[in-house]
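The chain contents come next:
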Amino acid sequence: AQSVTQLDSQVPVFEEAPVELRCNYSSSVSVYLFWYVQYPNQGLQLLLKYLSGSTLVKSINGFEAEFNKSQTSFHLRKPSVHISDTAEYFCAVSDRPGKLIFGQGTTLQVKP
Amino acid sequence: GAVVSQHPSRVICKSGTSVKIECRSLDFQATTMFWYRQFPKQSLMLMATSNEGSKATYEQGVEKDKFLINHASLTLSTLTVTSAHPEDSSFYICSARVRLAGGVDTQYFGPGTRLTVL
C-alpha cells in the first residue's frame with residue numbers, strides 16, 4: 001500500500017530565509033507526486049507536480065521540488081520565503097487515476 | 001485553471017438535522033468528484049468517490065446512509081450529512097478530477113465547507 005510521510009509537522013522560519021519541507025513516500029509502483037498548499041479556511045491549491053521527465057519541478061511563486069527515486073523523496077524547497085507563504089503544505093502521491101494519498105501536512109510559519 | 005466551488009462555505013445546524021453541501025465545477029465538466037473530510041491539524045481523508053450517473057464509491061468506514069452523495073450532472077455533486085451529530089463537525093472538501101496533458105489525472109479542490117453541529 002502507498003503511504004506518504006511528512007517528517008515535520010511544523011517548520012518555523014524567518015522571512016527571506018530558505019526552507020525545505022520534507023516528504024517521503026512508499027510505493028511499489030511508479031507514482032505521480034504532488035504538493036498542495038492550503039491557506040487558512042481555504043481548500044487546497046495545487047502547487048506543483050511531478051509526472052515524468054525532469055526530476056526538478058518548479059512553481060510560479062518560487063517553490064521547487066525534486067523527485068529522488070532512490071530515496072523515495074519529493075522535498076519542497078524555496079530559497080527565500082515571504083510572510084505570505086505561511087500556510088499548510090501537503091505532499092500527495094498517486095499511482096492510479098484520481099486517487100490521491102496525502103501526507104499529514106506541514107505547517108510553514110514565516111516570521112518577520 | 002480549473003475552478004471548483006462549494007456552497008455553503010460555513011453552516012451551523014442543530015443535532016438531528018440534515019445538511020446538504022454542493023460542489024460545482026465552474027468551467028469544466030467533471031465525471032468524477034471526490035469528497036474529503038479534514039479534522040483540525042490533520043490531513044484530508046477521502047470519504048467517497050462520486051461518479052456522474054452512478055452510485056458513489058465509499059471508503060472503508062464511511063457510512064453511506066449517513067453521507068449521501070449525488071452526482072446528478074457533470075458539473076454538480078452534492079453531499080448530504082443526514083441526522084447530523086456533533087461528531088460530524090468538520091471541514092468538508094470536494095475535488096474534481098481533471099485529466100492533464102499526457103493522460104495523467106490530478107484533482108482541483110473546492111474551498112471547503114465548515115460544518116458545525118450543535
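Given the structure is predicted, the values throughout are model-derived calculations rather than measurements.

What counts, and where the lines are drawn
- Residues numbered from 1 in each chain as written.
- Chains lettered and ligands numbered in written order.
- Predicted model: local features only at pLDDT ≥ 70, side-chain atom pairs only at ≥ 80, totals over all residues.
- Heavy atoms only, no water.
- Contact = heavy atoms within 4.5 Å.
- Buried area = accessible area lost by both parts, 1.4 Å probe.
- Salt bridge = Lys/Arg side-chain N within 4 Å of Asp/Glu carboxyl O.
- Polar contact = N/O pair within 3.5 Å; in protein donor to acceptor, adjacent residues only side chain to side chain.
- Helix = DSSP H or I, 4+ residues; strand = E, 2+ residues; numbered from the N terminus.
- Nonpolar A, V, L, I, M, F, W, Y, C, P; charged D, E, K, R; others polar.
- 1 Å grid on protein atoms, 1.4 Å probe; cavity = no way out; pocket = protein on both sides within 12 Å on 5 of 7 lines; lining within 4 Å.
- Points joined across faces, edges and corners; volume = space filled by probe spheres on them.

Colleague: With reference to specific residues and values, describe the interface of chain A and chain B.
Modeller: Contact residues are listed per partner, giving 19 residues for chain A and 22 residues for chain B. Summed over both partners, the interface of chain A with chain B buries about 1600 Å², with 57% contributed by carbon and sulfur atoms. Remark: the boundary between chain A and chain B carries zero salt bridges. Inspection of the chain A/chain B interface yields three residue pairs in polar contact (both at pLDDT 80 or more). Broken down by secondary-structure element, the contributors of at least two residues to the side of chain A that touches chain B are strand E5 (32-38) and strand E6 (44-50) of chain A. When residues in the side of chain A that touches chain B are grouped by element, the largest group, four residues, is from E5 of chain A. Each residue belonging to the side of chain A that touches chain B can be placed in one class, and the counts come to ten nonpolar, seven polar and two charged.

Colleague: Tell me about the layout of surface pockets, residues and numbers included.
Modeller: Empty space within the largest pocket amounts to approximately 450 Å³. Lining the largest pocket are 24 residues, with Gln45, Leu46, Leu47 and Leu48 of chain A together with Tyr108 of chain B positioned closest to its centre. Of all the secondary structure elements, the ones that give two or more residues to the lining of the largest pocket are E5, E6 and strand E7 (56-58) of chain A together with strand E10 (105-109) of chain B. In terms of residue count, the dominant contributor to the lining of the largest pocket is E6 of chain A (six residues).

In short, shape yes, function no, at least from these values alone.
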